[in-house]
Structures are given as C-alpha cells and as structure tokens.
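Descriptive structure summary
Listed below are the residues making up each chain.
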Amino acid sequence: MSWLLTRLTGRLPIGWLQLSHNRGRLAAAVAGVAFANLLVFMQLGMLGALGGATTAPYTLLDADIMISSVDSNTLGDGGNVARVRMFEALGVPGVARAMPLFVGNVEFKLPDGSAATLQAFGLDIGQPGFAGPLVAGAVTALEAENTALIDTHARGVPRTAFDGLKAGARFSFEVSGQTLNAAGTLALGGGFSSDGMLILSDQTFLRLFPRRSSGAPDHILIKIDDGAAVPEIVDRLRTALSDGDVKVRPLDEAAAADLAYQMTERPVGVIFGFGVLIGIVVGLVIVYQVLSTDVADHLREYATFKAMGYDQRFFLGVVFEEAIVLAVFGFVPGVLVSLGLYALLSDVTLLPVAMTPVRAVAVFAGTLVACSLSGAIATRRLAAADPADLF
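Cut-offs and rules
Residues numbered from 1 in each chain as written. Predicted model: local features only at pLDDT ≥ 70, side-chain atom pairs only at ≥ 80, totals over all residues. Heavy atoms only, no water. Salt bridge = Lys/Arg side-chain N within 4 Å of Asp/Glu carboxyl O. Helix = DSSP H or I, 4+ residues; strand = E, 2+ residues; numbered from the N terminus. Buried < 20%, exposed > 50% of the residue type's maximum accessible area, 1.4 Å probe, protein only. Domains from an automatic or database assignment. Contact = heavy atoms within 4.5 Å. Buried area = accessible area lost by both parts, 1.4 Å probe. Polar contact = N/O pair within 3.5 Å; in protein donor to acceptor, adjacent residues only side chain to side chain. Pairing = 2+ DSSP bridges.

So, the pattern of salt bridges
Enumeration over the complete set of coordinates arrives at seven salt bridges. Arg-85 serves as the salt-bridge partner of Asp-245, at 2.6 Å between the closest nitrogen and oxygen. A residue pair is termed long-range when its members are at least 10 positions apart, and Asp-245 in the loop between helix 7 (230–240) and strand 9 (246–250) and Arg-85 in helix 4 (residues 84–90) qualify at 160 residues. Look at Arg-85 and you get buried, because its relative accessible area is 5%. The partner of Arg-155 in a salt bridge is Asp-195, and the shortest N-O contact between them spans 3.1 Å. Linking Arg-155 in the loop between strand 4 (147–151) and helix 5 (163–166) with Asp-195 in the loop between strand 6 (178–186) and strand 7 (196–201), this pair joins segments that are 40 residues apart in sequence. For the pair formed by Arg-155 and Asp-195, the shared burial category is buried. In this structure, a network of salt bridges that share partners links the residues Arg-85, Glu-88 and Asp-245.

So, in structure tokens, the structure goes:
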C-alpha cells in the first residue's frame, strides 16, 4: 500500500503511515465508514425498490396518453373519470383508440389460508392492444367468464402454490368472495401498497366490485395515430377536456408523477430519504472524529513541518490522503455487505431491491466527498496554529 501511494502522490505517504501506525484505530475508522456506507446503501435500496414497485404496474399497459381524475396521484387513488370523456377524446384529431381502465385492490385467498392483497386491473379484452408486453399474449384468454391472469410473484403466497398452474393444471382461487380461474400468469411482484397484481377483463372486474359502474373507470388510456406527436395530442385533449375534472398526461409522465408523489409526499419515501441523509451525517461525524484525533495526536509533527516552511496545502494533502484511504477501505466492505442484504431482502420481501452500477458509483463518489470534507474541517486547527506555541 505504501508503494502504491508513493507512486500516486510522488512523496512519502505520510497519511497512510499515520493511519496504519495504530491498527486498532484504523480498523474502527474503517468499520465506521463501512457502517455509514451500509446505512446509505440500505436506504437507497429501499428507495429504489419503492421506485421500481411504483413504476412496475405501468409496464402492464401500452398507451401513449392517460386521462385521469384531477385529484389522482397514483394508479389506485383519486376519483373516477366519466366514460363520456373517452368518447369526447375519440373525437379529437390524432386520437386513434381509447380504452377505460379499472383499478382496485382485492383480497386473494387460498384453501391453505394464504392471503395477499392484489392490485386488480380491469381491461377491455376487445382492445388487446392496450396490454403491455408482459401480458399482451395472454389477455385474449380472459374472454371466458371469471378468469384472470395471476401474479406468481405475489408476496405472502407460498412459492409452491402455482406449481400446478405452471405445469398446465387448472388453478382456482377466491377473490372478494368469488371464485376465479387462472387463465395464465404474470411475474411482476408487489410493492408497498399491494402484494401482487391481477389482470381481469372489465366485466369480471365489475362483478368483483358490484358498486363500481362501467360508466366511471379510474383512467382512460389513449393511443394516437401513427406519426402523430404525443405533446401535440395532449394539448388538443387538454383543450377539448377543459372542464377541470380531469388531467391529461403522457403515460410516462404519469408514471414519473406517481413516482415523485411516492418519494416526496408519502411517508415511506420521506422516511427513506431522511435515512440517506442520516447515513451521510453519520459518515461525516465518524471520519471527522478520526481525522481530528489524528491531527491532535500528531500536532507537534505538523508544527515541525510548518516551521520548516510547509504551507496549508501540504497538510490538506496529508489529511485528504487519510480521508481517501478511509473512504476506499470503508466502501469495499460496505458494498459487499449491502449486496448480501439486498439479496436477502429481495428474497424475503419480493421487492425489487437490487444494486445498480450507478448507485454504487454515486455512493463511492459521495463517500470520497464526505471524507474529504471531514478532512478539510479537521485541518482548520492547523491553519491557525503557531509553531512556537506547540512546543
């Protein structure tokens, strides 16, 4: 390590030698930085899972534009949209097709007592073009009464529950007091508001929700003519549907708004965001304490260098060297332990908790910045010190 740092810095690696001189303090400092990295990684992992779980249901849909109630923030909340809005939208130039979308939560039960809350989507089977790639090939099977596409990654359901279905056997289950037959499967998994997904025809959906009306879907999906521009059609629809009871957005913009709402308005997103901040503060405090103590322990040596004419930049270089060593040594165990915990969380909760290269690089860069900042703060005492007062 000394040889490598000598080659990199072009001088004796004073910072590394000071850190490695006290192995116990070095180990404690590395453990502290690793712990701070672990905190940040876990909070970012849960934020990432929240983001993935929020946007995943939109992959079940294939549309250009979504019309929703003006008070709608997510797929499942807000008021209903009058079906007449769909016919008004069809009269707008550039709109090719439209389909009502029904969304609601149902209780899924198996004879063994297993239960889960599934987010159900009611689609017009007569317009299969609105189904996303994940389910497009199977929605035609929903034409039969009381059939559904069941999520085999639903949380809270035994992994073996769908083995027979995957092998081609008949699979019946109870939802909201009614018995449905599985016409196929999808593998999406749940999120923070439901344990999995369920795809139904709009007629089956309305049988499960007898108080719902076919004239009041949750959203209206729009497909535009080939060659038409989505922003232009959105503007036309907003003009045509300007009564103020609906909002018109591109589907990807609706998904982004849903994600932003979950991250900034819902308690779960806010808590995880604060968790990231706390992890950063913990790392700053730990590194500052280590470097500040090291500066205090070697104050006479630094004073000697100062009396010899070395300026503040030299001392900053030494302390930054220590900060970078701590950042690198602390990051490696932090990311390795995080990978293991990510795998465990994903297996237990079935949430999309996974490490991404962007996240790893961002946390490493943040660790370097945080450690360097702590080092800069720790050298303030040296800047004002008079060598004559230190002996």
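From this point on, the discussion continues.
Let's talk about the domain arrangement of the protein chain
Each domain of the protein chain was delimited in the assignment, giving domain 1 (1–54 + 268–384) and domain 2 (82–244). A straight line from the C-alpha centre of domain 1 to that of domain 2 covers 47 Å. Domain 1 puts 10 residues into the contact, and the matching count from domain 2 is seven residues. It is Ala-53, Leu-350 and Leu-351 in domain 1 that bury the most area against domain 2; as a group they hold 58% of the surface buried on that side. Run the count over domain 1 and domain 2 and you get zero salt bridges. The tally of links between domain 1 and domain 2 comes to zero residue pairs in polar contact (both at pLDDT 80 or more).

Remarks on the pairing of strand 2 (residues 95–109)
Bridge analysis of strand 2 against strand 8 (residues 219–224) gives six bridges, and the strand direction is antiparallel. When the sheet's bridge partners are listed, Pro-100 is paired in strand 8 with Ile-220. Across eight bridges, strand 2 lies against strand 3 (residues 115–123) in antiparallel orientation. Residue pairing in the sheet places Gly-104 in a bridge with Ala-120 of strand 3. Turn length for the strand 2-strand 3 hairpin, with the two strands adjacent in sequence and antiparallel, is five residues, and the turn residue Gly-113 shows positive phi of about 95°. Across two bridges, the pairing between strand 2 and strand 5 (residues 172–175) is antiparallel. Within strand 5, the position partnered with Lys-109 by the bridge is Glu-174.

Section: unusual backbone geometry
Notably, Asn-146 is not glycine yet its phi reads approximately 55°, a positive angle. Structurally, Asn-146 can be placed in the loop between strand 3 and strand 4.

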